[in-house]
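Letter by letter, the chains look like this.
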Amino acid sequence: MTTTVTPSLSDRINSVTPSATLEMAAKARELRAAGKDIIGLSLGEPDFNTPDYIKEAAIQAINDDYNAYTPVDGYVELKDAIITKFKRDNGLQYERSQIVVSTGAKQSLYNVAQVILNKGDEVILPCPYWVSYSDIVKLADGVPVEVPTTLENDFKMTPEQLEAAITPKTRMLWYSSPCNPSGSIYSEEELRALADVLQKHPQIIVVSDEIYEHINYGVTAHASMASFEDMYDRTVTVNGVAKAFAMTGWRIGYIGAPTYIAKATTKLQGQVTSGANCIAQRAVITALNESPDRIQFMVDKFKERRKLILELLNNIDGFKCNEPEGAFYVYPDITSYFGKTLNGVTIGNASDFAMYLLEYANVATVTGDAFGNGNCIRISYAASEEEIVEALARIKKALQ
Ligand SMILES: *Cc1c(COP(=O)(O)O)cnc(C)c1O
């Protein structure tokens, strides 16, 4: 008699949703392999190369034999560059003991969830939020509490909404500003109003994801929650170089945090990945020590493309857009298509709509469901002007 053992995986991994943005990229690749000409506007990745002055620092580091294990929390010279950056760009004062460098901002976020959350602790996520937040929270046995925002309010959570979402189990508030996917930016005044609510709830820690800080089109100035004296001791500021410096593959992110949190994430990281990559860290020292003016040319390009894509989108019936103030995405509301049948395909939700665009316009976008808001799709404009023009022409045609 033979017994078959059914392979089984942990409840933990079974509860995780695969990344929708990566899934869409895989589908687009499949169609491309089958000979289809797919325009990819789904990935959140600059279409620029890493600037030469940063690449040269990496080459120098290789030649200088930076090849040994790195300190778990990052090279001292990099921590000092981060301290200088926080002071220069954000008016934030941190000590070395408050800085931890990780393998991408994604690991920084994961670390923080792991060291703060206990089973059942609630984390408030204003929707739409970055695709990985809810799964990172679930992996730490936390409970994501989604707070829906509206296009009319520029996808920003109000103080009243925050207050209403808080329970005795609330442990954290997470948001990104500039926001992926909506491009919204909380002004200093708006953050202050949220901070005022949090004053009544001292158990809540804020995770402020500022990775798009430099990709700001100049309407609302960047503001950091930690810059308020009464929030400094309970805010983790997360940042990284992937987006603004066109360094997605280098995998360097970092936090500025209260020392006890920084120490705990260092302990965790020491048992998981150890210190981040040596060459990448050396390159990031140069990236951060140089003036942000050196990457402004990319921001200027994104700004032109934003104008272009908004014009083209507003020219298609049924798309309702806010004007994104930062990052490189538009997040149009497409609910007017729900219930319609196009080319024999009935659009029931945002996933159907994104799938329809992939098949009938050969344009890859991402369903808004992935970001906790099912009325929208996310379109990245980190693509060439030719691609944007062609993609939007195809979309317009497919929707007629
Ligand atoms: C891309 C992104 C990250 C992850 O950054 P990495 O440094 O590539 O890990 C984190 N937060 C937001 C909002 C992002 O868009």
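Residues numbered from 1 in each chain as written. Predicted model: local features only at pLDDT ≥ 70, side-chain atom pairs only at ≥ 80, totals over all residues. Heavy atoms only, no water.

A. Looking closely at the sheet that holds strand 14 (residues 377-380). Pairing is antiparallel across the open sheet formed by three strands, whose spatial order is 9-14-13. The sheet is open, and its two edges are formed by strand 9 (329-330) and strand 13 (366-367), each paired on a single side. The pairing of strand 9 with strand 14 spans two bridges and is antiparallel. The residue bridging V330 from the neighbouring strand is I379, located in strand 14. (Pairing = 2+ DSSP bridges. Helix = DSSP H or I, 4+ residues; strand = E, 2+ residues; numbered from the N terminus.)

B. Spatial organisation of the site of the ligand. Within the structure, the ligand sits among G104, A105, K106, W130, S176, N180, D209, I211, Y212, A242, K243 and R251. With respect to the ligand, the side chain of Y212 contributes an N or O atom lying 2.8 Å from an oxygen atom. A distance of 2.9 Å separates an oxygen atom of the ligand from a polar atom in the side chain of K243. Contact with the protein chains removes 94% of the 390 Å² of surface that the ligand exposes when unbound. Looking at the shell around the ligand residue by residue, the class counts come to five nonpolar, three polar and four charged. (Near = heavy atom within 4 Å. Polar contact = N/O pair within 3.5 Å; in protein donor to acceptor, adjacent residues only side chain to side chain. Areas by Shrake-Rupley, 256 points an atom, 1.4 Å probe, with all protein chains shown as cover. Nonpolar A, V, L, I, M, F, W, Y, C, P; charged D, E, K, R; others polar.)

C. Seen up close, the side chain of N111. Inspection of the secondary structure assignment puts N111 in helix 5 (residues 105-116). A distance of 3.4 Å separates a polar atom in the side chain of N111 from a polar atom in the side chain of S102. Non-local contacts of N111, meaning those with residues more than four positions away in its chain, are made with S102, T265, L268 and Q269. (Contact = heavy atoms within 4.5 Å.)

D. Seen up close, the packing of aromatic side chains. Enumeration according to the criterion identifies 20 aromatic pairs in this entry. For the pair F302 and F328, a centre-to-centre distance of 5.0 Å together with 50 degrees between the ring planes defines the contact as tilted. Of this pair, F302 sits in helix 11 (residues 296-314) while F328 sits in the loop between helix 11 and strand 9; the two residues are 26 residues apart in sequence, bridging distant segments of the chain. Judged on exposure class, the residue F302 and its partner F328 are both buried. Ring centres 5.9 Å apart and planes at 65 degrees place the aromatic pair F319 and F353 in the edge-to-face group. Note that F319 is positioned in the loop between helix 11 and strand 9 and F353 in helix 12 (residues 350-361), a separation of 34 residues in sequence. Taking the relative accessible area as the measure of exposure, F319 reaches 7% and is therefore buried. F353 sits in the buried class, given a relative accessible area of 0%. Each member of the aromatic cluster is reached from another via a ring pair, and the members are F48, Y212, F297, F302, F328 and Y329. The cationic tip of R294 hangs over the ring face of Y53; the distance from NZ or CZ to the ring centre is 3.9 Å. The ring of Y337 has K340 lying over it, and the distance from NZ or CZ to the ring centre is 5.2 Å. (Phe/Tyr/Trp six-rings, centres within 6.5 Å; stacked < 30°, edge-to-face > 60°. Buried < 20%, exposed > 50% of the residue type's maximum accessible area, 1.4 Å probe, protein only. Lys NZ or Arg CZ within 6 Å of the ring centre and 35° of its normal.)

E. Just the sheet that holds strand 3 (residues 122-127), in detail. Reading across the sheet, the seven strands line up as 2-8-7-6-5-3-4 and stay open at both edges, with mixed pairing between neighbours. Two strands lie at the open edges of the sheet, namely strand 2 (99-102) and strand 4 (143-148), each paired on one side alone. Within the sheet, the average angular offset between the axes of one strand and its neighbour, ignoring direction, is 20 degrees. The sheet contact formed by strand 2 and strand 8 (residues 253-256) spans four bridges and is antiparallel. Across the sheet, residue S102 finds its bridge partner in strand 8, namely G253. (Axes fitted to C-alpha atoms, helices over the stretch in contact; angles between N-to-C directions.)

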